[in-house]
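# Coordinate analysis (summary)
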Amino acid sequence: MRIEAYNQVHQLYQAKKVNQMREKSSAAQTDQLQFSDFGKEIRAAQAALAEAPDVREDRTAPVKAKIQNGTYHVDAASFAQKLMQKASELDAAYEEMR
């Protein structure tokens, strides 16, 4: 009997401690999240990009029309020069990474 009474009293004190801890934790400040001005600007830029179309029709429409009409021609020398320039840039960037 005596052990049971001790356990009951002990349980009452433990319950009181738990309730006190809950009251203290609920009275404490809550976490807050604040975005910096730079973060807000990034979010605004992301929203603007999301609204922008993927393809700029004003730039692609004339090229599409020339291709359909058969009047679009590519200068092979100019194309080769630009291709070699881009390959050189990529090679230099690869060398910097190593």
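Predicted model, so just to flag it, every value in this text is computed and none were measured.

### A few points about the overall build of the chain
Looking only at helices and strands, the chain has 4 helices and 0 strands in total. When the helices and strands of the chain are listed from N to C terminus, the series reads α-α-α-α. Out of the 98 residues in the chain, the part that is buried amounts to 0%.

### Considerations on the pattern of salt bridges
If you walk through the whole model with that rule in mind, you get 2 salt bridges. With a shortest N-O distance of 4.0 Å, arginine 56 and aspartate 58 are connected by a salt bridge. Here glutamate 95 ties to arginine 98 by a salt bridge, and the two come within 3.3 Å at their closest N and O atoms. Judged by its relative accessible area of 68%, arginine 98 is exposed.

### Quick word on a nonpolar patch on the surface
A surface patch of nonpolar side chains, amounting to about 580 Å² of accessible area, comprises Val63, Ile67, Tyr72, Val74, Phe79 and Leu83. Taken together, the elements giving at least two residues each to the nonpolar patch come down to helix 3 (57-69) and helix 4 (76-97). With respect to the helices and strands, the residue isoleucine 67 is situated in helix 3. The exposed category is assigned to isoleucine 67, whose relative accessible area is 52%.

### Brief notes about helix 3
Relative to the 18 Å expected for 13 residues at 1.5 Å per residue, helix 3 spans 18 Å between its end C-alpha atoms, a close match to the ideal helical length. Directly after helix 3, the chain includes glycine 70, whose backbone phi takes a positive value near 80 degrees.

### Topic: the confidence of the model for the chain
With 70% of its residues at a pLDDT of at least 70, the chain reaches an overall mean of 83. Element-level pLDDT for the chain is lowest in helix 1 (residues 2-27), with a mean of 63, against a maximum mean of 94 in helix 4.

Cut-offs and rules
Residues numbered from 1 in each chain as written. Predicted model: local features only at pLDDT ≥ 70, side-chain atom pairs only at ≥ 80, totals over all residues. Heavy atoms only, no water. Helix = DSSP H or I, 4+ residues; strand = E, 2+ residues; numbered from the N terminus. Buried < 20%, exposed > 50% of the residue type's maximum accessible area, 1.4 Å probe, protein only. Salt bridge = Lys/Arg side-chain N within 4 Å of Asp/Glu carboxyl O. Patch = residues over 30% accessible without salt bridge, like charges linked within 9 Å, V, L, I, M, F, W, Y side chains within 5 Å. Areas by Shrake-Rupley, 256 points an atom, 1.4 Å probe, with all protein chains shown as cover. Expected span 1.5 Å × (residues − 1). pLDDT = per-residue confidence, 0-100.

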